[in-house]
Amino acid sequence: GLVLVFIGPLYRPSGWRVATVNMLGLLATAFIALAADVTAAAAAVATADPFGQRCRCVPAADGTLPPCWTEADWDGLNRSIGGRLKGRDSLLLPSEATGNRSLLNDFDYLTSQPGFTFWRGYSGSWDQRTARSEYAVLAESIADIQATVRFAALHRLRLVVKGTGHSFQGRSSAAGSLLLWTHRLRNTQWHERLEVCGKEYEHPVVVAAGSQFMQTHEEARRRGRMEIGGLCPSVGFSGFASGGGHGIFSRSYGTGASSIIQAEVVLANGSLVLATPCNEFADLLRAVRGGGGGTFGVIVSLTYRTFEQPRSVGTIQAQMAVSDLTEMSLVTQEFLNSLRENVMSKGMLQHLGGNLVLQPLLKRITLRMAYVGISSSECAALFSNMTNHMKVDCVPAKSWIDVAVLNKTQLGSMANGRWLSFMNRYFTESVFDTEQSTATFSNGIKRIFELNPRRLEGEHSQLHIMLHWGLSGASDTALQNFTHTSMNPAVAESVGVIMWERMLPDTFFLAGKEESQSTHAQMQEDEARTLAWADQLFGEGAGSNVNVAGCNVPDWQRRFWGSNYPFLLSTKDKYDPQGLFFCSNCVGSDRWTPDGNCRMPLI
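From a predicted model like this one, the values you see are computed outputs, not experimental measurements.

Quick notes on the rules
Residues numbered from 1 in each chain as written. Predicted model: local features only at pLDDT ≥ 70, side-chain atom pairs only at ≥ 80, totals over all residues. Heavy atoms only, no water. Pairing = 2+ DSSP bridges. Helix = DSSP H or I, 4+ residues; strand = E, 2+ residues; numbered from the N terminus. Axes fitted to C-alpha atoms, helices over the stretch in contact; angles between N-to-C directions. Contact = heavy atoms within 4.5 Å. Phe/Tyr/Trp six-rings, centres within 6.5 Å; stacked < 30°, edge-to-face > 60°. Buried < 20%, exposed > 50% of the residue type's maximum accessible area, 1.4 Å probe, protein only. Disulfide = S-S within 2.5 Å. Salt bridge = Lys/Arg side-chain N within 4 Å of Asp/Glu carboxyl O. Lys, Arg positive; Asp, Glu negative; His and termini not counted. Polar contact = N/O pair within 3.5 Å; in protein donor to acceptor, adjacent residues only side chain to side chain.

**Quick notes on the sheet that holds strand E4 (residues 135–138)**
Each strand in a sheet pairs with its neighbour through backbone hydrogen bonds, running either in the same direction (parallel) or in the opposite one (antiparallel).
Here comes step 1: One open sheet holds the four strands; their spatial order is E1-E4-E6-E5, and the pairing between them is mixed. In the strand order of this sheet, the two ends are held by strand E1 (85–87) and strand E5 (159–162), each with one partner. When strand polarity is set aside, the average angle formed by the axes of neighbouring strands in this sheet is 25°.
Here comes step 2: As defined by bridge partners, E1 adjoins E4 across three bridges and the pair is classed as antiparallel. From the neighbouring strand, Leu-85 faces E4, where its bridge partner is Val-137.
Here comes step 3: Strands in contact with helix H5 (residues 142–154) are E4, E5 and strand E6 (178–181); relative to E6, the strand with the most contacts, it is inclined by about 160°.

**Looking at the packing of aromatic side chains**
Here comes step 1: All chains considered together, the criterion is met by 23 aromatic pairs.
Here comes step 2: Geometrically, the ring pair formed by Phe-168 and Phe-422 is edge-to-face, given 4.7 Å between the ring centres and 65° between the ring planes. Taken together, the positions of Phe-168 in the loop between E5 and E6 and Phe-422 in strand E20 (residues 418–428) put the pair 254 residues apart, joining distant regions of the chain.
Here comes step 3: Looking at Phe-168, the relative accessible area reads 10%, which means it is buried.

**Side note on the state of the cysteines**
Here comes step 1: Taken as a whole and assessed by the stated rule, the structure comprises five disulfides.
Here comes step 2: Sulfur-sulfur distance for the disulfide between Cys-55 and Cys-598 comes to 1.9 Å. Its torsion about the S-S bond being 110°, the disulfide of Cys-55 and Cys-598 is classed as right-handed. Of this pair, Cys-55 sits in the loop between helix H1 (23–48) and helix H2 (71–80) while Cys-598 sits in the segment after helix H19 (565–575), and the two are 543 residues apart along the sequence.
Here comes step 3: Bonded cysteines in the protein are paired 1-10, 2-3, 4-5, 6-7, 8-9 when counted in the order they occur along the chain.

**Some thoughts on the pattern of salt bridges**
Here comes step 1: The full count for this structure, using the stated rule, is 22 salt bridges.
Here comes step 2: Residue Arg-129 pairs with Glu-514 through a salt bridge whose shortest N-O separation is 3.0 Å. You can see Arg-129 sitting in the loop between strand E3 (126–127) and E4 and its partner Glu-514 sitting in the loop between helix H16 (506–510) and helix H17 (517–538), a full 385 residues away along the chain.
Here comes step 3: Overall, the relative accessible area of 42% leaves Arg-129 in the partly exposed class.
Here comes step 4: Overall, the relative accessible area of 41% leaves Glu-514 in the partly exposed class.
Here comes step 5: With its nearest N and O atoms 2.5 Å apart, the salt bridge here joins Arg-558 to Asp-555.
Here comes step 6: Residue class for Arg-558 comes out partly exposed when judged on its relative accessible area of 42%.
Here comes step 7: Residue class for Asp-555 comes out partly exposed when judged on its relative accessible area of 33%.
Here comes step 8: One continuous salt-bridge network, built from bridges that share partners, spans Asp-127, Arg-129, Arg-418, Glu-514 and Glu-515.

**Side note on the side chain of Arg-225**
Here comes step 1: With respect to the helices and strands, the residue Arg-225 is situated in strand E11 (residues 225–226).
Here comes step 2: Here Arg-225 is buried and forms no salt bridge, its nearest opposite-charge partner Glu-202 lying at an N-O distance of 4.5 Å.
Here comes step 3: Within the structure, Arg-225 has its side chain in polar contact with the backbone oxygen of Glu-202 (distance 3.2 Å).
Here comes step 4: When sequence neighbours within four positions are dropped, the list of residues in contact with Arg-225 reads Glu-202, His-203, Ala-220, Thr-306, Phe-307, Glu-308, Gln-309 and Trp-400.

**Digging into helix H6 (residues 213–222)**
Side chains that are three or four residues apart share a direction in an α-helix, a result of its 3.6 residues per turn.
Here comes step 1: Within H6, burial applies to Phe-213, Gln-215, Thr-216, His-217, Glu-219 and Ala-220.
Here comes step 2: Tucked into the core, H6 has its buried residues touching strand E7 (188–190), strand E10 (205–208), E11, helix H7 (237–242) and helix H12 (401–404).
Here comes step 3: Gly-224 occupies a position one or two residues after H6 and carries a positive phi of about 75°.

**Overview of the sheet that holds strand E13 (residues 272–275)**
Here comes step 1: The five strands are arranged E7-E10-E14-E12-E13 in an open sheet whose pairing can be described as antiparallel. The sheet terminates laterally at E7 and E13, the two strands that pair on one side only. The average angle at which neighbouring strand axes cross in this sheet is 15°, direction not considered.
Here comes step 2: Pairing analysis gives four bridges linking E10 to strand E14 (residues 298–304), with the strands arranged antiparallel. Bridge pairing in E14 places Val-205 opposite Tyr-304.
Here comes step 3: Along the sheet, H6 contacts E7 and E10; its crossing angle with E7, the most-contacted strand, is approximately 20°.

**Brief notes about the side chain of Arg-158**
Here comes step 1: Tracing the chain through its elements places Arg-158 in the loop between H5 and E5.
Here comes step 2: One buried charged residue, Arg-158, remains without a salt bridge, the closest side chain of opposite sign being Asp-595 at 6.3 Å.
Here comes step 3: Here Asp-595 takes part through its backbone oxygen, which lies 3.0 Å from a polar atom of the side chain of Arg-158.
Here comes step 4: Ignoring sequence-local partners within four residues, the contact set of Arg-158 consists of Arg-56, Val-58, Ala-174, Ser-177, Leu-178, Phe-582, Asp-595, Gly-596 and Asn-597.

Right under this line is the structure:
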């Protein structure tokens, strides 16, 4: 048969350096290779690719290799990266961890396993056991990353980028994929001062792709500095900050995304670029500041701003028992009313962060918050009349680290659990307008628990009212820096987020149990009703946080990024026109089948 080969123009945004290519030699080589057995190869690809060669090359269910690579190709990649390519079998969890709960709950251990994820999966969406990569590159240099990206593009592979594996949506794992593991790139570089685009920054830190908070927080403390990070110490900078990143002090200092000064990124053609606010890659920098990780390229490093260590920080603690959902709802309303009268009306919200945790199965409510920039006595005055039911204590801390991250005891046994349902929604100051509005909000939260009856012994459910995941009432600095991000503009108008979670902990699976198909179907129905109720309570257009959303987010483009989505999509098209970088519910992912393997036909 006749085979037509079209060599289109090289895609080259301004500023890219493209190597000189002998096009005649390339054409001759291409035709010689095709002539070997082009008819058989075309037939094989057509059989494996029902979308008409719009699919990636992944192994068949029986392990048969597609015609677009050979073992010799993989051997060549392995040699080029110093033997750091690993096969599927070597990505399994070591035998030492089998049934070993201390290891399966150990954050350091789980994030140090290239083929493992922090979570067991998300019911009905992804499963750690089946979402196994076929190969993995354990990258130790930028050159390793570049070689892997070029190889994936050349052979039309399903590429997955992973740092620590904390994604709720399973974005860092995929069956039959090539995993690019950046966890070993953990070096940091501190500067006394750094000038970028005419602006001078004091004590910024350059963090490599695999850097984690538990590493850099201590480095910052020794220098008398602090940085914006998440509550979980094993989370990495790249995923946290590129997804927005709310830290407990974000109302005072800004988000993780707004802390990014500049970024080094490996693009889809393997080029390494430095994106700054004033060069030709300024649009890429803005996209990285909140547009989501694993989408526009591979983040090699971030230059991250730090702040002078606050002189006064501390914890805000309270806990009380509740007899039932009705009492829980009343106490919640009382807390919200007091927050309006004692904190928000005095413009003091910018000094507070943290959450109220509602756990009716355990019959308790816990207040876990922090203060910054005010004294413990000033904090106590704010909370002196907080509720009739809870005694609130403001306790000074020795260091900001003591309040900025949770320890392993506080996080409990969430590691290696399976999510059954997860949902978050931003809420605005309108919740606090009147006692009737706080009553509506509190009763709406009660309804979420009623829609999710306990299905399995051992499952846990709880709801967080996250008061540092919005910037309403934030400092001028935090609000000004936010405007340079691509996060949902709704964040600036939100007081916080309600975060509903339902999980089967690791103990359920260690006991040899599995959820039945009927139970699984019931839970999916529960989640559908919960999402519908959330739209009634917060409005159909209510925004959602990108990093900690569930897998079933309706209208995710608008909920995650609001009016910034068109900009993010055009930036995606500019730097990754072939869609090499894919992750679930990420920018441009709706153009692909849910598994990310086939591009959807144009309608």
